[in-house]
Amino acid sequence: MRYFFGLLFIILVAVVASKAFSLLIRGELFEEGAFKRSMHESGKTLWLGMKLFVILWLLYLIFIWWVRNRG
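Looking now at a nonpolar patch on the surface. A surface patch of nonpolar side chains, amounting to about 620 Å² of accessible area, comprises Phe53, Val54, Trp57, Leu58, Tyr60 and Leu61. Within the secondary structure layout, Val54 lies in helix α2 (residues 34–69).

Here is the structure:
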């Protein structure tokens, strides 16, 4: 369990550093609200990805049920 939280922390730091580096390269790092907008866009993308995963998982479960019960 301690490895999980360590790995989660490293991933979180990598994501934040990646966003900051991206803003630095584009020259927007010190603009007001740029980092917040960048993180907001990432949150929207993550949320859409999670919804897509759930939809695909449900379709997979329905398909498996259909294959097992068709005959």
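Enumeration according to the criterion identifies four aromatic pairs in this entry. Ring geometry for Phe4 versus Phe5: centroids 5.4 Å apart, planes at 65 degrees, classification edge-to-face. A relative accessible area of 47% places Phe4 in the partly exposed class. Plain terms: the ring middles of Trp57 and Tyr60 are 5.3 Å apart, the flat faces sit at 35 degrees to each other, and that makes the pair tilted. Of the two residues, Trp57 and Tyr60 are both situated in helix α2; the distance of three residues between them amounts to about one turn of the helix. According to the relative accessible area criterion, Tyr60 is partly exposed, its value standing at 42%. Each member of the aromatic cluster is reached from another via a ring pair, and the members are Phe53, Trp57 and Tyr60.

Rules behind the numbers
Residues numbered from 1 in each chain as written. Predicted model: local features only at pLDDT ≥ 70, side-chain atom pairs only at ≥ 80, totals over all residues. Heavy atoms only, no water. Patch = residues over 30% accessible without salt bridge, like charges linked within 9 Å, V, L, I, M, F, W, Y side chains within 5 Å. Areas by Shrake-Rupley, 256 points an atom, 1.4 Å probe, with all protein chains shown as cover. Salt bridge = Lys/Arg side-chain N within 4 Å of Asp/Glu carboxyl O. Helix = DSSP H or I, 4+ residues; strand = E, 2+ residues; numbered from the N terminus. Phe/Tyr/Trp six-rings, centres within 6.5 Å; stacked < 30°, edge-to-face > 60°. Buried < 20%, exposed > 50% of the residue type's maximum accessible area, 1.4 Å probe, protein only.

Function cannot be inferred from these measures alone, as they are strictly geometric.
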